[in-house]
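Listed below, chain by chain, are the residues.
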There are 4 protein chains.
Amino acid sequence: MPQTTAERPRRNEKSRQAILTAALQLAGEVGYTKLSIEAIAARAGVGKQTIYRWWPSKAAVLFDAVLALSTNDAGETTLPDTGDLEADLRTVLHATVRELNDPGYDRSMRSLTVALLEDEGLAAEYRRNLAQRMHEVKKDRLRSAQLAGHVAEDVDLDAAVEMIFGPLMNRWLTRSGPITPEYADTILTTALNGLRPRG
Amino acid sequence: MPQTTAERPRRNEKSRQAILTAALQLAGEVGYTKLSIEAIAARAGVGKQTIYRWWPSKAAVLFDAVLALSTNDAGETTLPDTGDLEADLRTVLHATVRELNDPGYDRSMRSLTVALLEDEGLAAEYRRNLAQRMHEVKKDRLRSAQLAGHVAEDVDLDAAVEMIFGPLMNRWLTRSGPITPEYADTILTTALNGLRPRG
Amino acid sequence: MPQTTAERPRRNEKSRQAILTAALQLAGEVGYTKLSIEAIAARAGVGKQTIYRWWPSKAAVLFDAVLALSTNDAGETTLPDTGDLEADLRTVLHATVRELNDPGYDRSMRSLTVALLEDEGLAAEYRRNLAQRMHEVKKDRLRSAQLAGHVAEDVDLDAAVEMIFGPLMNRWLTRSGPITPEYADTILTTALNGLRPRG
Amino acid sequence: MPQTTAERPRRNEKSRQAILTAALQLAGEVGYTKLSIEAIAARAGVGKQTIYRWWPSKAAVLFDAVLALSTNDAGETTLPDTGDLEADLRTVLHATVRELNDPGYDRSMRSLTVALLEDEGLAAEYRRNLAQRMHEVKKDRLRSAQLAGHVAEDVDLDAAVEMIFGPLMNRWLTRSGPITPEYADTILTTALNGLRPRG
DNA sequence: TTTTAAACGAGACGGTACGTCAAGTCTTAAT
DNA sequence: ATTAAGACTTGACGTACCGTCTCGTTTAAAA
C-alpha cells in the first residue's frame, strides 16, 4: 500500500517554525499594530511570499503562533477532580494568575487579543479551537460538583464558569488592579458561595 | 486630552468637534487598525497637521472622541438607591446590555479597547478619567447596601463590583455568548447570593 | 545614471521610460521648482518608491530624462570639417539657435539648468557626460584650423570655444536679447577675427 | 493742502532690513530651493505675514535683497575712461573675477539666478533695474573707444559687450573652468583683437 | 537517477498611509 | 494699522509596508 499522503505537504517546516517564532518575538517586542509581515519575513529569513502563501493575514500568523504554544502544554482535557471543588478551581486559577503575570505570555496574549478583536472570523476560530474547549473542561468540573450536590441544581453552568474566570480576565485586560492569587481566591470563594445550594 | 485651556487655547473648536466626530464614525465603519489619520482629516475637512498638532496618535484621538461621548451623557455621579440593591443594579446592567448590543457603540468601544491595549499610557488615563469613576459609583451603591446589612461585612467591594460586571464585559469582548438581560440577571442573582450575609 | 546594468538589473524598463517621459513633460509644463516627484509618479502611473529606488532626487530624474534625449540624437563625435572654419561653426551655431528657440527644448533645458545650479554633484556629472564631450568636439575643429594656419598659434583653444559659444548661451539664459542667426554670425565673425593670426 | 506724505504705508524699516539680511544669509547657506519664507521670518524675528504683505514670493524677497546689496556699492554710472580701453575693461573684469570667487557672493548670485530662471517677470525687472544699466555703462565705454578709433566702426556694441563678459559669466554658471584674472585677460585680449579696426 | 514542478529567498512593483515641513491665508493681542 | 505669533488647509516630502508579481534556486516526488 503506497503513499496515501499524495495530497500536498510540500511545505518547508523549518520556514514555518521560523515564521511563527519570529511573529511571537516581534509581537512581544513591538505590539500588534506595529507588527509587520515584512519584519516577520526578515527576522525569519524568509520571503514575504512564503508567509502570504500559507496565511491570509498577520492576525492569522500570530494566531497560529500562539496556538502552537498553547497546544504544546495543553494536552490535558480535564481538570483535577479531588472532590473539593474550591481547591481544584483554585489550582487552575493560580496557574492562570501565574501566566498572566509572565511578561512574555502577557504581551503575546495582548497582541493576540487585539488580533481577535480586529478579525471576527479568527475570533470564532479561536473560540472553536481553544476557548470553548477550555470552557467545557471547567464546566465539566462544575457539573460533577453539581451532581455531587455542591452546586445548586438550577445554576446555569456557563454563567457559573464565566463568574469564576471573567473577573480575573477582565482585570487583566483593563489592568484595573493587581492580578494576585488572593484576588482570585476572593472571587472564587464569593462565587462558589453564590452557587451553593440554599436551604 | 492635552487641554491647557487656562492660558490661551487659540484653537478652532469647530475643527476639534469635526475631528472627534469623524474619528468615531470611521472607527465604527472600518475598525481601529484600518482607521487612518488621513481619513479622519479628510472626513472632518481638516488638515492632517491640525490633528498632529493636538493629538499624539490616532489612539489619542479616538480616546478623546469616546471621552467626549461619555462625558456628555455621564453627568450622573451616583447610582439610583431605592433600597433594593438587586433592582438598582439590574437597572444599570440592563442599560449596559442595551449599549453593548448597539452596533455603533459596540464598534467604537471595540476600537477604543484596541487603542487601550496598544497604548498603556492611554489606558492609564482611561482608568483615571472614566473607568475608575464608574467603578466608584457602583462601589458606593454596594457600600450603602453593606451598611444596610444586605451585603456581608467582610466582602471586598472592589472584587464585588468586578464580579457583577466582569463576566458581562468579558462575554462582550470575547463574544463567548449572547449579551441578554437574562444573562445579566443570572450573573447578578448568583453574585448577590454569594455576597449576602450568611447565617 | 546609476546603470549597473551588468549584474542583474531586475528593473522595469517600461516604468523607467514612463518616468523619464513624465519628468520631461512636467518640467516643460510647470518648471523645475514646481516639478514634484509625486506628480511624476502619478503621470507615469508608477509608485513613488519606484522613483526613489532608482534616483536620489528630482534633479537626478530630470538629468537622466534630458540625458536620454541628448544621447539619442547626439551620436556624432565630430564637427564637419570642410576647411572653411567659419562656415562649419556657423552650421553648428545655427543649429543651436534653432534649438534654443524651440519652446520644448527651451523649457526643459532651463529646468535642467536650475537642477544643475542646485546640485553641484549633478553638475559635475553633466560636465563629464555631455558638456565636456561637446566642448572637445568644438575644440578639435579649432585645433584643426589652428594647424591649417587659420587660427593663431598662441590661442588658448578652451577660451576660444567659450568665446564663440559663451555669449550665445549667456544671452539665452538671461534673455538679454533675441537669439537669432544674425546675432550668432556677428559673434562668430568678430571672435574669429580676434583669433586669426596677425601679421 | 495737508500732508502730501500720505504716500507710503507705515512700514517697519527695521523688519524690512532684517528680512533682506536673513534672506541673503539663508540663500547663501541652503541654496534657493531649500530657502523658505518660514525660515526667513524666523531668522528675521518677524511674522510670516509681514513678508507676504510686502513681497509676492521668496524670489522677490531674494531679488530685493540682492538689489539692496548691489545698489549700495553700485552708485557709479560710468566706467573709468583713461583712454586705454583694454586697461579700463581689465579693471572691471578683474573686479568681477574677484566677486565671482567670493563664496558669499557666489552663492547668493547663484540663488538669484535660479530665482530669475524660475520667474520670468522678475527676470525682466532684473534686466530693467540692473543688468541693462550695467550693460549700458560698458557699452558707453566701448562707444567712447569706437569714437576714438580703437574699435571698428561697424561693430555691434551690444554684441561686443556680450563677447567680453559672456564667456566669463558662462564659465561661472557652468563651472566649466576656473575663474581667473588670466582667463579674463585672454578673453579680453582676443575679443578686442577682433573688434579693432582692420587695415 | 533523472526529471520536473512546487516551494522557496529575494526583491521590484503600484499603492496607501505615515509623520513632517512649508506654503499662503486668516485671526488674535500688543504696540 | 502694522506687527509678531501662530493656527489653519493644502500639498509635497521621503519612508515603511501592503499584497502581488516575477525572478532564479533549491528540493523532493514521480517517472
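Rules behind the numbers
- Residues numbered from 1 in each chain as written.
- Chains lettered and ligands numbered in written order.
- Predicted model: local features only at pLDDT ≥ 70, side-chain atom pairs only at ≥ 80, totals over all residues.
- Heavy atoms only, no water.
- Contact = heavy atoms within 4.5 Å.
- Buried area = accessible area lost by both parts, 1.4 Å probe.
- Salt bridge = Lys/Arg side-chain N within 4 Å of Asp/Glu carboxyl O.
- Polar contact = N/O pair within 3.5 Å; in protein donor to acceptor, adjacent residues only side chain to side chain.
- Helix = DSSP H or I, 4+ residues; strand = E, 2+ residues; numbered from the N terminus.
- Nonpolar A, V, L, I, M, F, W, Y, C, P; charged D, E, K, R; others polar.
- Phe/Tyr/Trp six-rings, centres within 6.5 Å; stacked < 30°, edge-to-face > 60°.
- Buried < 20%, exposed > 50% of the residue type's maximum accessible area, 1.4 Å probe, protein only.
- Lys NZ or Arg CZ within 6 Å of the ring centre and 35° of its normal.
- Near = heavy atom within 4 Å.
- Bend = angle between axes of the 7 residues up to and from the residue.
- UniProt positions renumbered as here; feature names shortened; annotations may be inferred.
- Domains from an automatic or database assignment.

By the naming in an unreviewed UniProt entry, chain A is TetR/AcrR family transcriptional regulator, taken from Phytoactinopolyspora alkaliphila.

Attention now goes to the interface of chain A and chain B. Taken together, the contacts link 33 residues of chain A with 32 residues of chain B. Carbon and sulfur atoms make up 59% of the surface buried where chain A meets chain B, a total of about 3,000 Å² over both sides. Of all residues in chain A, the largest losses of buried area upon contact with chain B belong to Leu117(A), Met163(A) and Arg175(A), amounting jointly to 22% of the total for that side. Counting across the chain A and chain B interface gives four salt bridges. For the pair chain A and chain B, the number of links is 16 residue pairs in polar contact (both at pLDDT 80 or more). Of all the secondary-structure elements, those providing two or more residues to the side of chain A that touches chain B are helix H6 (103-118), helix H7 (120-147), helix H8 (157-174) and helix H9 (181-195) of chain A. With 11 residues, H8(A) is the single largest residue contributor to the side of chain A that touches chain B. Among the residues making up the side of chain A that touches chain B, the classes are represented as 12 nonpolar, 11 polar and 10 charged.

Under the definition given, this model contains four aromatic pairs over all chains. Taken together, a centroid distance of 6.3 Å and an interplanar angle of 75 degrees make the contact between Phe63(C) and Tyr126(C) edge-to-face. Residue Phe63(C) is located in helix H4 (residues 58-73), and its partner Tyr126(C) is located in helix H7 (residues 120-147); the two are separated by 63 residues in the primary sequence. The pair formed by Phe63(C) and Tyr126(C) is uniform in burial state, with each residue classed as buried. Over the aromatic face of Tyr183(C) sits the side chain of Arg171(C), whose NZ or CZ is 3.6 Å from the ring centroid. Positioned above the aromatic ring of Phe165(D) is the side chain of Lys138(D), whose terminal nitrogen or guanidinium carbon lies 4.1 Å from the ring centre.

With respect to spatial proximity, 35 residues lie near DNA strand F, and among them Gln49(A), Tyr52(A), Thr50(B), Lys48(C) and Tyr52(C) are the closest. Within 4 Å of the protein, atoms of DNA strand F come from sugar and phosphate in 66% of cases. Between DNA strand F and the protein, one listed contact pairs a phosphate oxygen with a backbone N or O atom of Asn12(B) at 2.8 Å. In the environment of DNA strand F, a phosphate oxygen lies 2.8 Å from a nitrogen or oxygen atom belonging to the backbone of Glu38(C). Listing elements by their share of the surface near DNA strand F, those giving two or more residues are helix H2 (37-44) and helix H3 (48-54) of chain A, helix H3 (48-54) of chain B, helix H2 (37-44) and helix H3 (48-54) of chain C together with helix H3 (48-54) of chain D.

As a further point, take helix H7 (residues 120-147) of chain B. An α-helical turn contains 3.6 residues, so a residue and the one three or four places further along point in the same direction. All names here are of chain B. Most pronounced at arginine 127, the bend in H7 amounts to some 50 degrees. The N-cap of H7, judged by a side-chain oxygen 3.0 Å from the amide nitrogen of glycine 121 a few residues on, is aspartate 119. Downstream of H7 by a residue or two, glycine 149 has a phi angle that is positive, lying close to 85 degrees.

The next point concerns the UniProt feature "DNA-binding region" (unreviewed entry) in chain A. With numbering matched to this structure, UniProt assigns "DNA-binding region" (unreviewed entry) to residues 36-55 of chain A. The span residues 36-55 of chain A carries 75% helix and 0% strand; its end-to-end C-alpha distance comes to 13 Å.

Now for the domain arrangement of chain A. Residue and element names in this part refer to chain A. What the domain assignment reports for chain A is domain 1 (13-58) and domain 2 (76-195). For domain 1 and domain 2, the distance between their C-alpha centroids amounts to 30 Å. Taken together, the contact between domain 1 and domain 2 spans six residues of the former and six residues of the latter. When domain 1 packs against domain 2, the two sides together hide about 460 Å² of surface, and 66% of this comes from carbon and sulfur. For the domain 1 face of the interface with domain 2, the top three residues by lost area are Ala27, Gly28 and Tyr32, together amounting to 77%. Joining domain 1 to domain 2, the criterion identifies zero salt bridges.

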